[in-house]
Amino acid sequence: MKSCCDWRCAITTVVALTLAGGLSSGDGARAAEYYVAVGGNDGGSGTAGNPFGSLARAQQAVSAGDTVWIHGGTYEFSGTTDDIGVLFNKSGSPGARINYWAYPGETPVFDFFQLTPQARVRGFSVRADWLHFRGLELRGVQQILTNVNESWGIRVENGADNNVFERLDLHHNEGPGLFIADGGNNLVLNSDSHHNYDPDRGGENADGFGSHSNDPGNTFIGNRAWENSDDGYDLINSRGQVVIRDSWSWRNGYVPETNTAAGNGAGFKAGGFGLNSGTFPAPEDVPVNEIDGNLSFFNRAQGFYANHHPGGLIFTNNTSYSNPRGFDLLNDVEPATWPADHFLRNNVSIGNGAELYNANQALIDDEFNTWNEGWDATPVDFVTLSSAGVDGPRQLDGSLPRLDFLRLAAGSDLIDRGEATGRAYWGTALDLGAFEFRPADADLNRDGAVDGGDFLIWQRGLGLEQQTDYSGGDADGNGVVGATDLAVWQQQYGQLTGPAARPVSEPAAGALLVVIALPWVAWRHADRLAALRPLGRTVTSGVDCHGGRLAEYAGRETTH
Ligand SMILES: [Ca+2]
Ligand SMILES: [Ca+2]
Ligand SMILES: [Ca+2]
Ligand SMILES: [Ca+2]
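Residues numbered from 1 in each chain as written. Chains lettered and ligands numbered in written order. Predicted model: local features only at pLDDT ≥ 70, side-chain atom pairs only at ≥ 80, totals over all residues.

Draft legend 1. Focus on the sheet that holds strand β21 (residues 248-250). Spatial strand order, β3-β6-β9-β12-β15-β18-β21-β24-β27-β30: 10 strands in an open sheet with parallel pairing. The open sheet has two edge strands with one neighbour each: β3 (73-79) and β30 (348-350). Across the sheet, the mean angle separating the axes of adjacent strands is 10° when strand polarity is ignored. Note that strand β9 (residues 137-139) and strand β12 (residues 169-171) share 3 bridges and pair parallel. When the bridges of β12 are listed, Leu138 appears paired with Leu170. (Pairing = 2+ DSSP bridges. Helix = DSSP H or I, 4+ residues; strand = E, 2+ residues; numbered from the N terminus. Axes fitted to C-alpha atoms, helices over the stretch in contact; angles between N-to-C directions.)

Right under this line is the structure:
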């Protein structure tokens, strides 16, 4: 295994290994595949032609490394006896997860609305390790008793470790969509949690996602939380360190689809242990939760909230827009007793009632944010402030939709103004905010010249979507390969050192035809390799993986 320079690198490695385990687990020669379908037969063999009717039956059949393919349709749960829809208590093993995956192109829906015991209800209760859930929809978990707290869509508990929750859609549950009560190194990836509301407690407990475990390494990447009655993401009472990265949160804290106040309404509630310092962990045990690259807007209370956390939380490259409080850094620490300041770098706060709140300068360490250095964010810094499409379809690989919302506009002075954190970037440095600006550049094969070789890449790539770099032909960085990329190529044709070089006049139409017609000897093997290697991009791996300041910060002792 590669060496790690600090804990952030370790977390990245954990995520990489977690995913690798998930992706490889179906490849073992002896791995079996089972099928589940609505109306299937639990007395059958679970084969493609004779599927089981329930996940519970499939779980009896599987061993580590096996995959259960779940067909689309609605799986209804009912009765007054059981308080768990599906209990997962059989583990996979390292490198051999048990996969519970939606059959390709189909959406299995687990509907718990008719499950009505006199108890708090769990849709899925996950009490096992090395499982991978993918492509499932869970809805309708109810609060039956009126004198108890919330129910749960998915409750991760009893020390459940190393599970992956991917591309899940958790909604209209009377409690949190996904709640990690116990266990560590779980990854929640590209999942949605929305319209969850616990009416019998006035909506005070239905978060989109919650992680409240004593075990470290729970990680959230690429998720969306919206229209949940309490918070989007909540890390209160987590003694294990949590990372939330590249995720979105909006319109939390209301009775869903109304403007009626319900629960707390933080987009990202990044920690805290209540108000009684007698219950705080020892200073050395306070988790340094990391909140990086996230977008929070239209929430009822805060975009990002420290929630009295008695120690240094890390907020980097987040964008907070149109919340009453952009970054609320409430910190009840007695500096002589608890460890550190909240650490803020490269964040954007725009259009909030207060861009910064409870920001006691003795208790925060903030530089390179829009409220520092005179870099105020204004609307012209962004392509658009319209949030249209935020709840729209995800990309084919499950990643977040590619929108212009709150992306930096060309020429913004927030581009290349950030401090290095280890996060990948284009250009000469990290930008401020959640979305890195990718300059328009037609040197698609990264060989230092804009010429016919680049045109051929564009031609081959025409129509591609989900582009994240230049290699497929996306010259203007809007994620798709189309006419606007050809326009960039025309503009930059003949340049030798990229877009920063002297502008060259647009080639005449005749020249274009010549370019198309000529056999391009310049298209060599080396060019193809170069095309796969984005220029100027750092990668979050390797030994020197993070900025010295962060590494230094994470390890430092309290001296004040
Ligand atoms: Ca909450
Ligand atoms: Ca940049
Ligand atoms: Ca080139
Ligand atoms: Ca493009």
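After that view, the rundown keeps rolling.
Draft legend 2. Unusual backbone geometry, seen in detail. The phi dihedral of Asn185 falls on the positive side, at around 55°, and the residue is not glycine. Note on placement: Asn185 falls in the loop between β13 (178-180) and β14 (187-189). With 21 C-beta atoms packed within 10 Å, Asn185 lands in the buried category. Phi is positive for Asn237, close to 65°, though the residue is something other than glycine. (Buried ≥ 20, exposed ≤ 12 C-beta atoms within 10 Å, placed from the backbone.)

Draft legend 3. Seen up close, the sheet that holds strand β8 (residues 131-134). With parallel pairing, 12 strands are arranged side by side in an open sheet as β1-β2-β5-β8-β11-β14-β17-β20-β23-β26-β29-β32. In the strand order of this sheet, the two ends are held by β1 (33-36) and β32 (364-367), each with one partner. With strand direction ignored, the average angle separating the axes of adjacent strands in the sheet is 10°. Summarising the sheet, strand β2 (residues 67-70) and strand β5 (residues 98-102) pair through 4 bridges and their orientation is parallel. Residue pairing in the sheet places Val68 in a bridge with Tyr100 of β5.

Draft legend 4. A look at the pairing of strand β29 (residues 342-345). Alternating residues of β29 divide into His342 and Leu344 and Phe343 and Arg345, and every residue in both groups is buried. In this structure, β29 lies alongside β32, joined through 4 bridges in parallel fashion. Paired with Leu344 across the strands is Asp366, a residue of β32.

Draft legend 5. Structural context of the packing of helix α3 (residues 452-461) against helix α4 (residues 483-492). At a closest axis distance of 10 Å, the pairing of α3 and α4 adopts a crossing angle of 175°. Viewed along their axes, α3 and α4 adopt a mutual orientation that is roughly antiparallel. The residues of α4 that touch α3, namely those facing Asp454, Phe455 and Trp458, are Asp485, Leu486 and Trp489. In terms of residue class, the contact of α3 with α4 is built from 4 nonpolar, no polar and 2 charged. (Parallel < 35°, antiparallel > 145°, perpendicular 65-115°, else oblique. Contact = placed C-beta atoms within 7 Å. Nonpolar A, V, L, I, M, F, W, Y, C, P; charged D, E, K, R; others polar.)

Draft legend 6. Spatial organisation of α3. For α3, the buried fraction is high: 7 of the 10 residues fall into the buried class. The complete set of buried residues in α3 reads Gly452, Gly453, Asp454, Phe455, Ile457, Trp458 and Gly461. Following α3 by one or two positions, Gly463 has its phi on the positive side, about 100°.

Draft legend 7. Quick look at the environment of Thr484. Within the element layout of this structure, Thr484 appears in helix α4. Taking the number of C-beta atoms within 10 Å as the measure of exposure, Thr484 has 15 and is therefore partly exposed. A sequence separation of 10 residues divides Thr484 from Asp474, and the C-alpha atoms of the two residues are 8.9 Å apart. The contact partners of Thr484, leaving out residues within four places of it in the chain, are Asp476 and Asn478.

Draft legend 8. Expanded view of α4. Here α4 has its buried residues at Asp485, Val488, Trp489, Gln490 and Gln492. Tucked inside the fold, the buried residues of α4 contact α3. Positive phi appears at Gly494, one or two residues downstream of α4, with a value of about 95°.

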